[in-house]
Amino acid sequence: PQPEAREFGWERPIQHVTIDLPDVGPLHVINLHLKSKLPTPVPGQRHPEVRWKWLSAAGWAEGYFLSSVKRVGQAMQTRRLLDTIFAADRDARIALCGDLNADLDDVPVLAIRGRVEETQNPELAHTVIHPCEQSIPEQARFSHYHHGQRNMLDHILVSRTLLRGYQGSEIFNEFLHDESVAHANKLYPEPDHAPVVAQFTA
């Protein structure tokens, strides 16, 4: 048992800018990088000399739990920002993008999306943000490759008003490598996340 609570937070703030598009109006762009799935260091639970080596499975589990809490906390903070924007402008144009370190149906992304299926409130339909990648065939829908598994961790999610001009998306994943391979950073100089691009018309 811990004798007292420790302060807990995260290091990656939300980047939110508003761009005034000629003949269109303001576009809210929200850039996120949610906490990775790597376990958060826990005092006394990591080997002092061997990187990534844990001294107990319970210590690793606690670190993994803390990283999960950080991701969900960042997602909740982002959802509150979205609600604030929609409260000021019901028809706000919003593009949220970045490395969310989570798939569409993982808790952090579900919290950000705010689907009516989750809230059970159709009056909140205008506050839902929609993933652009769903228009990409499933076999090509991945932006990350780890231990032989394809993952969709990088997303562009947009408000309903912006979705009206949506033309399509593409993921440039042709040269992705498996980042779990030993010395992957030295063998493959390219990024281990694929660029995701979405196109819109006014």
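Predicted, not measured: the structure shown is a model, and the values here were computed from it. Each chain has its residues counted from 1, running along the sequence as written. In view of the model being predicted, local features appear only for residues whose pLDDT reaches at least 70, and side-chain atom pairs are presented and counted only at 80 or more, with totals across whole chains, interfaces and linings using the full set of residues. Processing note: side-chain calculations cover all non-hydrogen atoms of the structure and skip hydrogens and water entirely.

**A short note on the overall build of the chain**
Keep this limit in mind: The secondary structure listing takes helices from DSSP runs of H or I that are at least 4 residues long and strands from runs of E that are at least 2 residues long, numbered from the N terminus. Throughout this description, buried means an accessible area under 20% of the type-specific maximum (1.4 Å probe, protein chains only), exposed means over 50%, and partly exposed covers the range between. By definition, residues are in contact when any of their heavy atoms lie within 4.5 Å. Surface exposure here means Shrake-Rupley accessible area, sampled with a 1.4 Å probe, where a residue is shielded only by the protein chains that are shown. For this count, His and the chain ends are skipped, Lys and Arg are scored as positive, and Asp and Glu as negative. Every charge is mapped onto a representative atom, which is NZ of Lys, CZ of Arg, CG of Asp or CD of Glu.
Broken down by element type, the chain carries 5 helices and 9 strands. Mapped from its N terminus to its C terminus, the chain presents α and β elements in the order β-β-α-β-α-α-β-β-β-β-α-β-α-β. Seen along its three principal axes, the alpha-carbon backbone of the chain occupies a region of about 60 × 45 × 30 Å. Put simply, the chain has 202 residues, and 37% of those count as buried. Counting only contacts in the chain whose residues sit at least 6 apart along the sequence, the fraction spanning at least 24 positions is 67%. Roughly 12,400 Å² of accessible area belongs to the chain as shown, and the carbon and sulfur atoms make up 54% of that amount. Between the mean site of the 20 positive side-chain charges and the mean site of the 26 negative ones, the chain shows a separation of 3 Å.

**Quick word on the layout of surface pockets**
A probe matching the size of a water molecule, rolled over the atoms, marks out where space remains unfilled. Let me state the cut-off plainly: Here a cavity denotes a set of grid points, spaced 1 Å apart and computed over the protein atoms alone, in which a 1.4 Å probe fits but from which it cannot get out, and a pocket denotes an open set meeting protein on both sides within 12 Å along at least five of seven lines; residues with an atom within 4 Å of a point are reported as lining. Grid points are joined across faces, edges and corners, and a volume is the space filled by probe spheres set on the points. For this scheme, ten residues count as nonpolar: Ala, Val, Leu, Ile, Met, Phe, Trp, Tyr, Cys and Pro. Four count as charged, namely Asp, Glu, Lys and Arg, and the remainder, Gly too, count as polar.
Volume-wise, the second largest pocket comes out at about 250 Å³. Leu21, Leu27, Leu162, Phe200 and Thr201 are, among the 14 residues lining the second largest pocket, the residues nearest its centre. Listing elements by their share of the lining of the second largest pocket, those giving two or more residues are β3 (93-99), α4 (160-163) and β9 (196-200). In the lining of the second largest pocket, the residues fall into 9 nonpolar, 3 polar and 2 charged.

**Here's the deal with the pattern of salt bridges**
The line we're drawing: Basic side-chain nitrogens of Lys or Arg form a salt bridge, by our definition, when they fall within 4 Å of a carboxyl oxygen of Asp or Glu.
A full pass over the atoms with the stated rule returns 4 salt bridges. When the shortest N-O distance is used, the salt bridge between Asp83 and Arg79 registers 2.8 Å. A residue pair is termed a helical-turn pair when its members lie 3 or 4 positions apart in one helix, as Asp83 and Arg79 do in helix α1 (residues 57-88) at 4 residues. By relative accessible area, which is 39% here, Asp83 ends up partly exposed. On the accessibility criterion, Arg79 (11% relative accessible area) is buried. Here Asp105 and Arg113 are joined by a salt bridge, their closest N and O atoms 4.0 Å apart. For Arg113, a relative accessible area of 5% corresponds to the buried category.

**A short note on the nonpolar core**
In plain terms, the rule: Residues belong to a common nonpolar core when they are buried Ala, Val, Leu, Ile, Met, Phe, Trp, Tyr or Cys residues joined through side-chain atoms within 4.5 Å.
Counting 18 residues, the largest nonpolar core has Ile30, Leu82, Leu96, Leu100 and Ile112 as the members making the most contacts within it. Those residues in contact with Leu100, other than ones at most four positions away along the chain, are Leu32, Leu34, Arg71, Val109, Ile112, Leu153, His155 and Leu157. By size, the runner-up hydrophobic cluster in this structure holds 7 residues, among which are Leu27, Ala95, Cys132 and Leu162.

**Focus on empty space enclosed by the protein**
Counted under the stated rule, the structure contains 1 cavity of 30 Å³ or more. When its volume is computed, the largest cavity comes out at roughly 30 Å³. In terms of lining residues, the largest cavity is bounded by Trp10, Glu11, Arg12, Lys35 and Gln74. Taken together, the residues of the lining of the largest cavity break down into 1 nonpolar, 1 polar and 3 charged.

**What to know about the sheet that holds strand β1 (residues 15-21)**
For clarity, the threshold we go by: At least two DSSP bridges between two strands are required for those strands to pair. The axes are straight lines fitted to the C-alpha atoms, using for helices just the contacting stretch, and the angles between their N-to-C directions are given from 0 to 180°.
Strand order in the open sheet formed by 5 strands is β1-β2-β3-β7-β4, and the pairing between neighbours is mixed. If you trace the sheet from one side to the other, it starts and ends with β1 and β4 (129-131), each paired once. On average, each strand axis in the sheet is inclined to that of its neighbour by 25°, with strand direction left out of account. Sheet strands in contact with α1 are β1, β2 (25-33), β3, β4 and β7 (154-159), and its direction is about 175° off that of β2.

**Focus: the packing of aromatic side chains**
What counts here: Classification of ring pairs uses Phe, Tyr and Trp, with its six-membered ring standing for Trp, and accepts pairs whose centres are within 6.5 Å; under 30 degrees between planes counts as stacked, over 60 as edge-to-face, and the remaining range as tilted. Here, over-ring charges are defined by two tests on the NZ atom of lysine or the CZ atom of arginine: distance to the ring centre within 6 Å, and angle to the ring normal within 35 degrees.
Applying the stated criterion across every chain, the model contains 2 aromatic pairs. Between Trp60 and Tyr64 the ring centres are 5.2 Å apart and the planes differ by 20°, which places this aromatic pair in the stacked class. Residue Trp60 and its partner Tyr64 are located together in helix α1, separated by 4 residues, close to a single helical turn. Residue class for Trp60 comes out partly exposed when judged on its relative accessible area of 40%. With a relative accessible area of 32%, Tyr64 lands in the partly exposed category. Seen in terms of ring centroids, Tyr166 and Phe200 are 5.6 Å apart; in terms of plane orientation they differ by 55°. Their pairing is tilted. Taken together, the residues Tyr166 in strand β8 (residues 166-171) and Phe200 in strand β9 connect sequence positions 34 residues apart. Note on Phe200: relative accessible area 28%, which makes it partly exposed. Here Arg46 stacks its cationic end above the ring of Trp54, 5.4 Å away from the centre of that ring.

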